[in-house]
Amino acid sequence: MLKLDGCVIENGKFSLRADFAVEAGASIAIIGPSGAGKSTLLEAIAGFRDLKQGKIFWDGYLISKLAPGKRPLAMLFQDGNLFPHLTVEQNISLGLRSNGRLSIDERSEVQFALDRVALSGLGDRKPAELSGGQQSRVALARVLVQRRQMLLLDEPFAALGPALKAEMLDLVAGLLTETGTTLLMVSHDPQDARRIACQTILVADEKAHPPAPTRYLFDNPPPSLRDYLG
Ligand SMILES: Nc1ncnc2c1ncn2[C@@H]1O[C@H](COP(=O)(O)OP(=O)(O)OP(=O)(O)O)[C@@H](O)[C@H]1O
C-alpha cells in the first residue's frame, strides 16, 4: 500500500495537501484542472520534490527520505525522454544500468521487454527511425525492465492520436495485471481514466483528494471537477 500521511508539497508559492492511501496493485488516474498540482504530486512521490510536511510510506516502509532511484517506483514523463543518439536496445538498457553494460541475464531481460511491447527486431534502430507510438513503447519498455512495484505516468501518451493512445493504455493495463504493479497516471482525458483506472484521485483546490471509484466520480462530479469537465 502507498500511503501519503499528512503531506504538504510545495512548488514555488504553490502548496498541495495530500493525505490518502492507495492499495497495492491498484490502477489510479490523477485528474484535475491545469496547474492544480497533478505533476507536483507525482514528483513528490517519485522523490523529485521534498515534502514541507508529512511522510510517504510504501508497504509500511518510510520512502519519503529515500533518493528517487532508491524508491520502489519508475516514472515515465510526457515525451518519453529517449536518447536520440542511442539505439532502442541501448535506451532500454539504461533502465537497468546507467553505463548500459549488461550481463547476459540483463540482455535477455531487455529482449523480453522488447518482445512485450511488440518491438522485437527493432532493437538496432534509433528513436528517429520509429513512429511516435513505437517510441512510446520503447519508453515503456525502459520502465518495464526496472521491475519496480509502482509505475508513475505523467501524461505519457498525450502526443499520440486517440487510437494509438488507447492501444498503449491497453498494453499498460495488460502488463500491470501480469506484474501486479501499482499505477498512478496523470491524464487530462476522462476517457483515459475510464479505460484503465478503477479509481481516480481528483487534484483541485490545493488538495489531492483520496481515490474515488472512477465511474462514480465522473457520473457525480463535485463542483471543481464539473467546472473542469465543462
Ligand atoms: N517551476 C515552477 N516554479 C514555480 N511554481 C511552479 C513551477 N511549476 C509549477 N508551479 C506551480 O505549481 C502549481 C502546480 O503545477 P503542476 O505542474 O503540478 O500542475 P498540473 O496539475 O500538473 O498542471 P498541468 O495539467 O497544466 O500540467 C502551478 O499552478 C504553479 O503555480
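Rules behind the numbers
- Residues numbered from 1 in each chain as written.
- Predicted model: local features only at pLDDT ≥ 70, side-chain atom pairs only at ≥ 80, totals over all residues.
- Heavy atoms only, no water.
- Buried < 20%, exposed > 50% of the residue type's maximum accessible area, 1.4 Å probe, protein only.
- Helix = DSSP H or I, 4+ residues; strand = E, 2+ residues; numbered from the N terminus.
- Pairing = 2+ DSSP bridges.
- Right-handed = clockwise from strand over helix to strand, strands pointing away.
- Near = heavy atom within 4 Å.
- Polar contact = N/O pair within 3.5 Å; in protein donor to acceptor, adjacent residues only side chain to side chain.
- Areas by Shrake-Rupley, 256 points an atom, 1.4 Å probe, with all protein chains shown as cover.
- Nonpolar A, V, L, I, M, F, W, Y, C, P; charged D, E, K, R; others polar.
- Salt bridge = Lys/Arg side-chain N within 4 Å of Asp/Glu carboxyl O.
- Core = buried A, V, L, I, M, F, W, Y, C linked by side-chain atoms within 4.5 Å.
- Domains from an automatic or database assignment.
- Contact = heavy atoms within 4.5 Å.
- Buried area = accessible area lost by both parts, 1.4 Å probe.

Considering the pairing of strand β7 (residues 150-154)
When you tally the buried positions in β7, you get 5 out of 5 residues, the bulk of the element. Note: β7 against strand β8 (residues 182-186), 5 bridges, orientation parallel. In the sheet register, Asp-154 faces β8, and the bridge partner there is Val-186. Tracing the backbone out of β7, into helix α5 (residues 162-179) and back to the parallel element β8 gives a crossover that is right-handed.

Here we look at the site of the ligand
Around the ligand, the neighbouring residues are Asn-11, Gly-12, Phe-14, Pro-33, Ser-34, Gly-35, Ala-36, Gly-37, Lys-38, Ser-39, Thr-40 and His-188. One of the backbone nitrogen or oxygen atoms of Asn-11 is found 3.4 Å away from a nitrogen atom of the ligand. A distance of 2.9 Å separates an oxygen atom of the ligand from a polar backbone atom of Gly-37. Relative to its unbound accessible surface of 640 Å², the ligand loses 56% to contact with the protein. Sorting elements by how many residues they give to the shell around the ligand places helix α1 (residues 38-46) first, with 3 residues. Its residues assigned to classes, the shell around the ligand comprises 3 nonpolar, 8 polar and 1 charged.

A short note on the pattern of salt bridges
For side chains bearing opposite charge, pairing can occur when the charged atoms are close. Applying the stated rule across the entire model yields 9 salt bridges. Note that Arg-116 is salt-bridged to Glu-178, the shortest N-O span being 2.6 Å. Taken together, the residues span a long stretch of sequence, with Arg-116 in helix α3 (residues 104-116) and Glu-178 in helix α5 at a distance of 62 residues. By relative accessible area, Glu-178 is classed as exposed at 51%. Where salt bridges share partners, they join Lys-165, Asp-189 and Asp-192 into one cluster.

Thoughts on unusual backbone geometry
With a phi angle near 45°, Arg-147 is a residue other than glycine that sits in the positive phi range. Structurally, the position occupied by Arg-147 is in the loop between α4 (132-144) and β7. Phi is positive for Asp-205, close to 55°, though the residue is something other than glycine. Inspection of the secondary structure assignment puts Asp-205 in the loop between β9 (199-204) and β10 (207-208).

Re the nonpolar core
Within the largest apolar cluster, 42 residues are counted, with the highest numbers of intra-cluster contacts made by Ile-92, Leu-140, Leu-153, Val-172 and Leu-183. In terms of residue count, α5 provides more of this core than any other element does, 6 residues in total. Each of domain 1 (1-71 + 152-157 + 183-230) and domain 2 (73-147) gives at least three residues to this core. Among the nonpolar cores identified, the runner-up in size contains 30 residues, and Phe-20, Val-22, Leu-184 and Val-186 belong to it.

Focus on the domain arrangement of the protein chain
Much of the literature gives interface size as the accessible area that the parts lose upon coming together. When cut into domains, the protein chain gives domain 1 (1-71 + 152-157 + 183-230) and domain 2 (73-147). Placing the centre of domain 1 and that of domain 2 at their C-alpha centroids yields a distance of 26 Å. Taken together, the contact between domain 1 and domain 2 spans 11 residues of the former and 7 residues of the latter. Taken over both partners, the interface formed by domain 1 and domain 2 buries close to 930 Å², and the fraction arising from carbon and sulfur atoms is 64%. Its largest share of buried area at the contact with domain 2, domain 1 owes to Leu-152, Asp-154 and Phe-157, together 41% of the area lost on that side. Put simply, domain 1 and domain 2 have 4 residue pairs in polar contact (both at pLDDT 80 or more) between them. Elements supplying a minimum of two residues to the side of domain 1 that touches domain 2: α1 and β7. Broken down by class, the residue content of the side of domain 1 that touches domain 2 amounts to 8 nonpolar, no polar and 3 charged.

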